[in-house]
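Below, each chain spelled out in residue letters.
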Amino acid sequence: GTSSLGGQSFCTACAAGTYADSKGATTCEQCPAGHACQDVTAAPTMCGNGTYAELGDGICSPCAMGTQSSSDYTRCLLCDAGHECGDPSLGPIECATGYYSQSGINAACTACPPGAYCPIPSDLPLSCPPGTYSGYSQTNCTYCPKGSECTVSSNSPVECSSGSYSLGGSGVCETCSPGYYCPVT
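For clarity, every value in this text was computed on a predicted model and none was experimentally measured. (Residues numbered from 1 in each chain as written. Predicted model: local features only at pLDDT ≥ 70, side-chain atom pairs only at ≥ 80, totals over all residues. Heavy atoms only, no water.)

(A) Focus on the state of the cysteines. As enumerated under the stated definition, the model contains 10 disulfides in all. In this model, C128 is linked to C141 through a disulfide, with the two sulfur atoms separated by 2.0 Å. Across the S-S bond linking C128 and C141, the dihedral sits near -85°, which makes this disulfide left-handed. Taken together, the residues span a long stretch of sequence, with C128 in the loop between β16 (126-127) and β17 (132-133) and C141 in the loop between β17 and β18 (142-143) at a distance of 13 residues. As far as the burial class goes, C128 and C141 line up, both buried. Between C144 and C150 runs a disulfide, and the two sulfur atoms are separated by 2.2 Å. In this structure, the disulfide formed by C144 and C150 twists by about 90° around the S-S bond and is classed as right-handed. Relative accessible area serves as the criterion here: at 2%, C144 is assigned to the buried category. A residue is classified by how much of its surface remains accessible, and C150, at 5% relative accessible area, is buried. There is no disulfide at C11, and the cysteine sulfur nearest it, in C28, is 9.6 Å away. (Disulfide = S-S within 2.5 Å. Helix = DSSP H or I, 4+ residues; strand = E, 2+ residues; numbered from the N terminus. Buried < 20%, exposed > 50% of the residue type's maximum accessible area, 1.4 Å probe, protein only.)

(B) The arrangement of the environment of C85 in detail. Note on placement: C85 falls in the loop between β11 (83-84) and β12 (93-94). Separated by 93 residues in the primary sequence, C85 and P178 have C-alpha atoms spaced 61 Å apart.

(C) Fine view of the environment of T18. Residue position: T18 is located in strand β3 (residues 18-19). Sequence separation between T18 and C31 is 13 residues, and the spatial gap between their C-alpha atoms is 5.0 Å. The residues contacting T18, other than those within four sequence positions of it, are C28, E29, Q30, C31, C37 and V40. Among the polar contacts made by the side chain of T18, one reaches the main-chain carbonyl oxygen of A15 at a distance of 2.5 Å. (Contact = heavy atoms within 4.5 Å. Polar contact = N/O pair within 3.5 Å; in protein donor to acceptor, adjacent residues only side chain to side chain.)

(D) Representation of the side chain of N106 within the structure. Note on placement: N106 falls in the loop between β13 (99-100) and β14 (110-111). A relative accessible area of 11% means that N106 is categorised as buried. Once residues within four sequence positions are removed from consideration, N106 is found in contact with G66, C79, D80, H83, E84, C85, G86 and S101.

Written out as structure tokens, the structure is:
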């Protein structure tokens, strides 16, 4: 934790952000990026998940919520798409099924909204096609059942009224043709 230039009769303590981990050191070394040097007499220690240190910092600083450490712990990065970084010390956590996130400051993944589906957590939600519907957090859309209509993909199917019908996957109920009977199923 001290150094002495050649010819000096005394040793000088290493300053914050530097270290000398061997006896007889002639200089104090700058603490390397991605490391902490809290004990000036010991070798630098690597920063951990959710922290970073620049060259000469000497301490590992926490990354902001919604970000993650770089692999060498020298800076904080945006959270990866399809992940959440609510607690940077845990590293990126993959979004649960039916949730998504884009690359950016993501403290939490977002639930896929009704009327859409999210098959890939790193992509934006996709709209359900006509004749289908979905609720929250879905990875696919459900075909509208026969005898019902799905005019709004974010709503549950609505049963056809008396005198009308629909085949499975149909968006709307059709009126029965004159002379035909359409039982409610």
